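Fold and geometry: a report
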Amino acid sequence: MVREQYFEVKQAVVHACEESGRKGDACTLIAVSKTKPVEMLKEVYDAGCRDFGENKVQELLDKYDKIPSDVRWHMIGHLQTNKVKYIVDKVSLIHSVDSVKLAHEISRQAVKKNVVVPILLEVNIAEEASKYGFKVHEIMESVAEIASLPGILVKGLMAIAPFVENSEENRIYFQQMRQLSVDILRKNIDNVSMDILSMGMTGDYLVAVSEGATHVRVGSGIFGNRIYK
Ligand SMILES: *Cc1c(COP(=O)(O)O)cnc(C)c1O
């Protein structure tokens, strides 16, 4: 069942890419496996998925050794500075860099472990009180400082759009994200590329892809609803 759902979402992403004039593989589907057991991840792995997203450090570490090592792990949840050291050499991309302080700690740990960590800056694009992330003006003020840190590469932006009934309501935010990435790129800052736009979840990933998402993060649409104990 999970396998079929994965294929369905995967196909929808390819189709939406093509519809928007991009190549079918222009957008990476990240299977967000938080709260889900390793057996389910293996099913999706066997179906061809190599990108998994987790939002908690401990859960990522628990699953890390149980899944083949050719998987790319994406840290997508709010990251506490004291936990950076556990994952800095294990993740392919940290999507959720939401403060200058966190960027400094990632840099410090990356240098210590002699790795270079690709990161995204999380944008609180709808300025919701409940969400982490930089406001648009803050990101403009901080991006150069973050990019100057050793051991990290600023690869793009990430956003969690508001929860809405009609995904079309989020189109404006995805457009704003796209525009923001263009504006940042224009500043021509060393160590800043804006190749990645991580946006779109189960409820709105098709709209996100049509507005230029390069990575979508889909959880319940693949694995079913989450049950929190
Ligand atoms: C849980 C989560 C997702 C996936 O959410 P779904 O609505 O289940 O697709 C995507 N991004 C982040 C940051 C998440 O925490």
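What comes next concerns the included structure. All values derive from a computational prediction rather than experimental measurement. (Residues numbered from 1 in each chain as written. Predicted model: local features only at pLDDT ≥ 70, side-chain atom pairs only at ≥ 80, totals over all residues. Heavy atoms only, no water.)

Attention now goes to the site of the ligand. Around the ligand, the neighbouring residues are V32, K34, I76, I160, M201, T202, R217, V218, G219, S220 and R226. A distance of 2.7 Å separates an oxygen atom of the ligand from a polar atom in the side chain of K34. Measuring from an oxygen atom of the ligand, one finds a backbone N or O atom of G219 at 2.8 Å. For the ligand, whose accessible area on its own is 390 Å², the fraction buried by protein is 89%. (Near = heavy atom within 4 Å. Polar contact = N/O pair within 3.5 Å; in protein donor to acceptor, adjacent residues only side chain to side chain. Areas by Shrake-Rupley, 256 points an atom, 1.4 Å probe, with all protein chains shown as cover.)

For any two aromatic rings, the description comes down to two numbers: the centre-to-centre distance and the angle of the planes. Under the criterion given, the structure shown has three aromatic pairs. Aromatic side chains Y6 and F7 sit 5.9 Å apart centroid to centroid with 50 degrees between the ring planes, which places their arrangement in the tilted category. With relative accessibility at 36%, the residue F7 sits in the partly exposed group. The interplanar angle of 40 degrees and the centroid separation of 5.9 Å between the aromatic rings of F52 and W73 together place this pair among those described as tilted. (Phe/Tyr/Trp six-rings, centres within 6.5 Å; stacked < 30°, edge-to-face > 60°. Buried < 20%, exposed > 50% of the residue type's maximum accessible area, 1.4 Å probe, protein only.)

A separate point is helix α7 (residues 171-186). The end-to-end C-alpha distance of α7 is 23 Å, a good match for the 22 Å that 16 residues give at a rise of 1.5 Å each. When α7 is considered as a whole, its buried residues turn out to be F174, M177, L180, S181 and I184. End-on, the buried residues of α7 take up no more than an arc of 115 degrees, which puts them together on one face. Against the buried residues of α7 lie β5 (117-123), α6 (136-147), β6 (152-159), β7 (192-198) and α8 (205-210). (Helix = DSSP H or I, 4+ residues; strand = E, 2+ residues; numbered from the N terminus. Expected span 1.5 Å × (residues − 1). Arc of directions from axis to C-beta. Contact = heavy atoms within 4.5 Å.)

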